[in-house]
Amino acid sequence: GAGVSQSPSNKVTEKGKDVELRCDPISGHTALYWYRQSLGQGLEFLIYFQGNSAPDKSGLPSDRFSAERTGGSVSTLTIQRTQQEDSAVYLCASSLAVVANYGYTFGSGTRLTVV
Amino acid sequence: GENVEQHPSTLSVQEGDSAVIKCTYSDSASNYFPWYKQELGKRPQLIIDIRSNVGEKKDQRIAVTLNKTAKHFSLHITETQPEDSAVYFCAASHTDKLIFGTGTRLQVFP
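Residues numbered from 1 in each chain as written. Chains lettered and ligands numbered in written order. Predicted model: local features only at pLDDT ≥ 70, side-chain atom pairs only at ≥ 80, totals over all residues. Heavy atoms only, no water.

**With respect to the interface of chain A and chain B**
Consideration 1: At the interface, 22 residues of chain A touch 15 residues of chain B.
Consideration 2: Between chain A and chain B the total buried area reaches about 1600 Å² when both faces are included, carbon and sulfur atoms providing 55% of it.
Consideration 3: At the boundary of chain A and chain B, one finds 1 salt bridge.
Consideration 4: A salt bridge links Asp56(A) to Lys97(B); the nearest nitrogen and oxygen atoms lie 3.0 Å apart.
Consideration 5: Run the count over chain A and chain B and you get 8 residue pairs in polar contact (both at pLDDT 80 or more).
Consideration 6: Elements represented by at least two residues in the side of chain A that touches chain B include exactly strand S4 (31-37), strand S5 (43-50) and helix H1 (99-102) of chain A. (Contact = heavy atoms within 4.5 Å. Buried area = accessible area lost by both parts, 1.4 Å probe. Salt bridge = Lys/Arg side-chain N within 4 Å of Asp/Glu carboxyl O. Polar contact = N/O pair within 3.5 Å; in protein donor to acceptor, adjacent residues only side chain to side chain. Helix = DSSP H or I, 4+ residues; strand = E, 2+ residues; numbered from the N terminus.)

Right, dumping it as structure tokens:
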């Protein structure tokens, strides 16, 4: 596609429910990243996928968070048993290859509100 | 862990004045330093980047400088305009991902 697509754009969920956030990267981009942006805060790294390599999960805040990338393209970020502190904008980005050479293109994000 | 510090957190300038945002990083292996602009409710967009083999880069009213010895880089915006109002994020590469600063909210008053 022309850009990085994320869905849904907004999600309101009840505390304790599971949610799935989707990211469709730019076609041909081998690297895919998830970040979290809390209100008025910076961008917190969550997880990174590069080709067929094992993902870098070092930023996931707890075992309630997981992500997968099927077929080297679309990625899904799953948050189980959501808590109010999970409320944030979840941003996905993709890159042609390693970031030091190509940089990121961000999606528009999913605004998650846990009530 | 590795981190990027960014200052100031807010910056207000008069239209036509210059604005400077400063960042420091901790990973001596960092070699790529992009700057992103995020307008209210929109996605962060790359405005300029610099690699470690370059000390300065300029694109019209925007310039970035890098001091690898001091692990310090800065964004300079000259002749600011109201449309420059946004949140600006610096970032540094760290093992194939970017570590971001906490952002600077720039307000340009007409």
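**Thoughts on the sheet that holds strand S8 (residues 72-77) of chain B**
Strand pairing within a sheet occurs via backbone hydrogen bonds; the two strands may be parallel or antiparallel.
Residues and elements named next belong to chain B.
Consideration 1: In spatial order, the strands read S1-S3-S8-S7-S6; together these 5 strands make up an open sheet with antiparallel pairing. Edge positions in the sheet fall to strand S1 (4-7) and strand S6 (56-59), since each of these pairs with one other strand and no more. Taken over all neighbouring pairs, the strand axes of this sheet differ in orientation by 15° on average, direction set aside.
Consideration 2: Bridge analysis of strand S3 (residues 19-25) against S8 gives 6 bridges, and the strand direction is antiparallel. Each bridged residue has a counterpart across the sheet, and for lysine 22 the counterpart in S8 is serine 74. (Pairing = 2+ DSSP bridges. Axes fitted to C-alpha atoms, helices over the stretch in contact; angles between N-to-C directions.)

**Here's the deal with the nonpolar core**
Consideration 1: Counting residues in each nonpolar core, the largest one holds 24 residues, and the members touching the most others are Trp35(B), Phe73(B), Leu75(B) and Leu106(B).
Consideration 2: Elements that contribute at least two residues to this core include exactly strand S2 (10-14), S3, strand S4 (32-38), strand S5 (45-51), strand S7 (62-67), S8, strand S9 (86-94) and strand S11 (104-109) of chain B. (Core = buried A, V, L, I, M, F, W, Y, C linked by side-chain atoms within 4.5 Å. Buried < 20%, exposed > 50% of the residue type's maximum accessible area, 1.4 Å probe, protein only.)

**Re the pattern of salt bridges**
Consideration 1: Going through the model one piece at a time under the given rule, you end up with 7 salt bridges over all chains.
Consideration 2: In this structure, Glu44(A) engages Arg36(A) in a salt bridge whose closest nitrogen and oxygen atoms are separated by 3.0 Å.
Consideration 3: Using a relative accessible area of 10% as the deciding quantity, one classes Arg36(A) as buried.
Consideration 4: Salt bridges sharing partners connect three or more residues here, namely Lys37(B), Glu39(B) and Lys42(B).

**Section: the packing of aromatic side chains**
Consideration 1: All told, the structure shown has 15 aromatic pairs over all chains when counted by the stated rule.
Consideration 2: When the ring of Tyr36(B) is compared with that of Phe100(B), the centres are 5.8 Å apart and the planes differ by 55°; the resulting orientation is tilted. Of the two residues, Tyr36(B) sits in strand S4 while Phe100(B) sits in strand S10 (residues 97-100), which places them 64 residues apart along the sequence. Side by side, Tyr36(B) and Phe100(B) carry an identical accessibility label, which is buried.
Consideration 3: Members of the aromatic cluster, each reached through a chain of ring pairs, are Tyr33(A), Tyr35(A), Phe45(A), Tyr48(A), Tyr104(A), Phe106(A), Tyr36(B) and Phe100(B).
Consideration 4: Stacked on the ring of Phe45(A), the Lys or Arg Lys97(B) has its end atom at 4.9 Å from the ring centre. (Phe/Tyr/Trp six-rings, centres within 6.5 Å; stacked < 30°, edge-to-face > 60°. Lys NZ or Arg CZ within 6 Å of the ring centre and 35° of its normal.)

**Section: the state of the cysteines**
Consideration 1: In this structure the tally under the stated criterion is 2 disulfides over all chains.
Consideration 2: Here Cys23(A) pairs with Cys92(A) through a disulfide, and the sulfurs are 1.9 Å apart. Here the disulfide of Cys23(A) and Cys92(A) is left-handed, its torsion about the S-S bond being about -65°. A residue pair is termed long-range when its members are at least 10 positions apart, and Cys23(A) in strand S3 (residues 19-24) and Cys92(A) in strand S8 (residues 88-95) qualify at 69 residues.
Consideration 3: Residue classification places Cys23(A) among the buried positions, given a relative accessible area of 0%.
Consideration 4: Across the disulfide, Cys23(B) is cross-linked to Cys90(B) (sulfur-sulfur distance 2.0 Å). Torsion about the S-S bond of the Cys23(B) and Cys90(B) cystine: about -100°, corresponding to left-handed handedness. Placement of the pair is Cys23(B) in strand S3 and Cys90(B) in strand S9, with a sequence separation of 67 residues. (Disulfide = S-S within 2.5 Å.)

**Quick look at the confidence of the model for chain A**
Consideration 1: Looking at chain A, pLDDT values average 92 and 97% of them are 70 or higher.
Consideration 2: Mean pLDDT values over the elements of chain A span from 69, in H1(A), up to 98, in strand S2 (residues 10-13) of chain A. (pLDDT = per-residue confidence, 0-100.)

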